[in-house]
Amino acid sequence: MALPSEGTVVNVTIDPMANETSGTEIIYANALDLPEFTQCIDLGGALISDSYGIHILQNDSKTFFLFDEFAGRDEKGIPLWQLLDTLAVPGTELNIGWTGNVMFEGVIDPEILVLLPDNTDWFDAERFTEIEKAWRFDRKQKSINEIPITGLVCLNDIYSID
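All residue numbers refer to positions counted from 1 along the written sequence of the respective chain. Per-residue local features of the predicted model are confined to residues with pLDDT of at least 70, and side-chain atom pairs are confined, for both listing and counting, to 80 or more; whole-chain, interface and lining totals are unaffected and use all residues. For the side-chain quantities, the full set of heavy atoms in the structure was used; hydrogens and water were omitted.

### A closer look at the sheet that holds strand β11 (residues 107–108)
Here is the rule we go by: A strand pair is defined by DSSP finding two or more bridges across the two strands. Put simply, DSSP marks the helices as runs of H or I at least four residues long and the strands as runs of E at least two long, and each gets a number from the N terminus on.
Spatial ordering of the open sheet is given by β11-β10-β16-β13, a layout of four strands whose pairing is antiparallel. The open sheet has two edge strands with one neighbour each: β11 and β13 (127–128). Looking at chain direction, strand β10 (residues 102–104) and strand β16 (residues 152–155) are connected through three bridges and run antiparallel. The residue of β16 that forms the bridge with Val 102 is Cys 154.

See below:
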């Protein structure tokens, strides 16, 4: 499997040449064990629900957002994940508004992740209204989709922490 091109969303379970599902499932316990991501570092992850999560990885030039579905546990009880979709974004110094911190029209939407501007003030701002890009980690479509930024606000989860 080739890495996604810059700034594009690629569903890794689809063969782009055949334009149909390949039937290939990518199941893993640690995303860094996947051949495509062995040169990456793990920036963390978050659960969107009991069955879905995201992982954020980074190499020297790109940040990768992985959308996963819980696939069970191995014999040691370690969670296994099925990779649903991957987003590659150029850059490594990104200001990420994590899922669970983004509101759409005043309500937290656990499926939305945003990119904030380079000059984001993480110390004195309680919330961010200036958003550069946004994506929905859509559990129904099992894909990552870019969405409009209108109506989005990102809460600063480190605001007022001393």
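### Notes on unusual backbone geometry
In plain terms, the rule: For every residue, the accessible area (1.4 Å probe, protein chains only) is compared with the maximum for its type, and the residue is labelled buried under 20%, exposed over 50%, or partly exposed between those bounds.
Despite not being glycine, Glu 105 shows a phi value in the positive range, around 50°. Judged by relative accessible area, which is 63%, Glu 105 ranks as exposed.

### Brief notes about the pattern of salt bridges
Filter applied, for reference: Take a side-chain nitrogen of Lys or Arg and a carboxyl oxygen of Asp or Glu: if they are within 4 Å of each other, that pair is a salt bridge.
This model, assessed by the stated rule, comprises four salt bridges. The residue Glu 111 makes a salt bridge to Arg 139 at a minimum N-O spacing of 2.7 Å. Remark: Arg 139 occurs in the loop between β14 (133–138) and β15 (143–147) and Glu 111 occurs in the loop between β11 and β12 (112–116); sequence separation between them is 28 residues. Of the residues examined, Glu 111 reaches a relative accessible area of 10% and is grouped as buried.

### Side note on the side chain of Asn 156
Put simply, the rule reads: Think of a polar contact as two N or O atoms within 3.5 Å of one another; within protein, one of them needs to be a possible hydrogen donor and the other a possible acceptor, and neighboring residues in sequence only count if both atoms come from side chains. Contacts: residue pairs with any heavy atoms within 4.5 Å of one another.
Mapping Asn 156 onto the fold places it in the segment after β16. Under the relative-accessibility criterion, Asn 156 is labelled buried at 6%. Looking at Asn 156, its side chain comes within polar contact range of the main-chain oxygen of Ala 125, at 2.7 Å. Not counting chain neighbours up to four residues away, the residues in contact with Asn 156 comprise Asp 121, Trp 122, Phe 123, Ala 125, Glu 126, Arg 127 and Phe 128.

### Overview of the side chain of Thr 99
Tracing the backbone through its elements, the reader meets Thr 99 in the loop between β9 (95–97) and β10. Residue Thr 99 is classed as buried on the basis of its relative accessible area, which comes to 9%. Residue contacts for Thr 99: discarding those within four places in its chain leaves Ala 46, Ile 54, Pro 110, Glu 111, Ile 112 and Leu 113.

Honestly, it's all geometry; don't read function into it.
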